[in-house]
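Residue-level structural notes
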Amino acid sequence: MKYGVAIFPSKKLQDLANSYRKRYDTKYAFIPPHLTLKPTFEATDMEISTIAEQLKGIAQKCRPFTMSVTKTKSFQPVSNTIYFKVELSEGLQELHDALNNEDFIKSESEHAFVPHITIAQDLSDNEHSDVLGQLSMLDISHEEEVKRVHLLYQLEDGAWTVYETFRLGAE
């Protein structure tokens, strides 16, 4: 089965992201707005309970942190994906590093870690240019406290759902 680890932002930020995602994101129906911490990996039913225990330990060691969303950016020319940029804080980097070292699940990431919340993807070049032009004028300035991470799994229809939630710094 496929799994991943993510942060779900507050309802306020999710509502803002979804106001664009419902029009411009082909994955809108499959997962709420999120910040991916650990890309998709495969695990068996036997393995996932051990992984969940490891994730609980990582979450306990990492402190809650402030997540700052500052602007709209794009991954072009690599892809026509538009996103809300999340500033890389010490707490976010610490959590990402803990989830992506050899002691946790070994999986190679295709890209460097660029913290973001996707709001548009799979756009044509013209659509990308138009949408990015509109969204880059937005004043995105949002901060919130991140206190939880979520272990997700993918259903047969492609949708993602929460397997377990872990509180940061909690005993």
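Residues numbered from 1 in each chain as written. Predicted model: local features only at pLDDT ≥ 70, side-chain atom pairs only at ≥ 80, totals over all residues. Heavy atoms only, no water.

The protein appears in an unreviewed UniProt entry as Putative phosphoesterase P4706_12500 from Peribacillus castrilensis. Taken from UniProt, the Sequence similarities (unreviewed entry) comment for the protein reads in full: "Belongs to the 2H phosphoesterase superfamily. YjcG family." (UniProt positions renumbered as here; feature names shortened; annotations may be inferred.)

Some details on helix α3 (residues 90–99)
Considered for burial, the residues of α3 that qualify are Gly 91, Leu 92, Leu 95, His 96, Ala 98 and Leu 99. Projected down its long axis, α3 carries its buried residues within an arc of 165°, all on one side. Among the structural elements, β1 (2–7), β2 (35–42), α2 (45–61), β3 (65–74), β4 (82–86) and β7 (148–154) are those in contact with the buried residues of α3. (Buried < 20%, exposed > 50% of the residue type's maximum accessible area, 1.4 Å probe, protein only. Helix = DSSP H or I, 4+ residues; strand = E, 2+ residues; numbered from the N terminus. Arc of directions from axis to C-beta. Contact = heavy atoms within 4.5 Å.)

What to know about the packing of aromatic side chains
This structure, assessed with the given rule, holds five aromatic pairs. Geometrically, the ring pair formed by Tyr 3 and Phe 41 is stacked, given 6.0 Å between the ring centres and 25° between the ring planes. Separated by 38 residues along the polypeptide, Tyr 3 in strand β1 and Phe 41 in strand β2 bring together distant segments of the chain. On the basis of relative accessibility, which here comes to 4%, the residue Phe 41 falls in the buried class. Measuring from centroid to centroid gives 5.9 Å for Tyr 3 and Tyr 163, while their planes differ by 90°, and the two rings are edge-to-face. Placement of Tyr 3 in strand β1 and of Tyr 163 in strand β8 (residues 160–167) is noted, with a sequence separation of 160 residues between them. Residue class for Tyr 163 comes out partly exposed when judged on its relative accessible area of 36%. Pairwise contacts between aromatic rings join Tyr 3, Phe 41, Tyr 153 and Tyr 163 into one cluster. (Phe/Tyr/Trp six-rings, centres within 6.5 Å; stacked < 30°, edge-to-face > 60°.)

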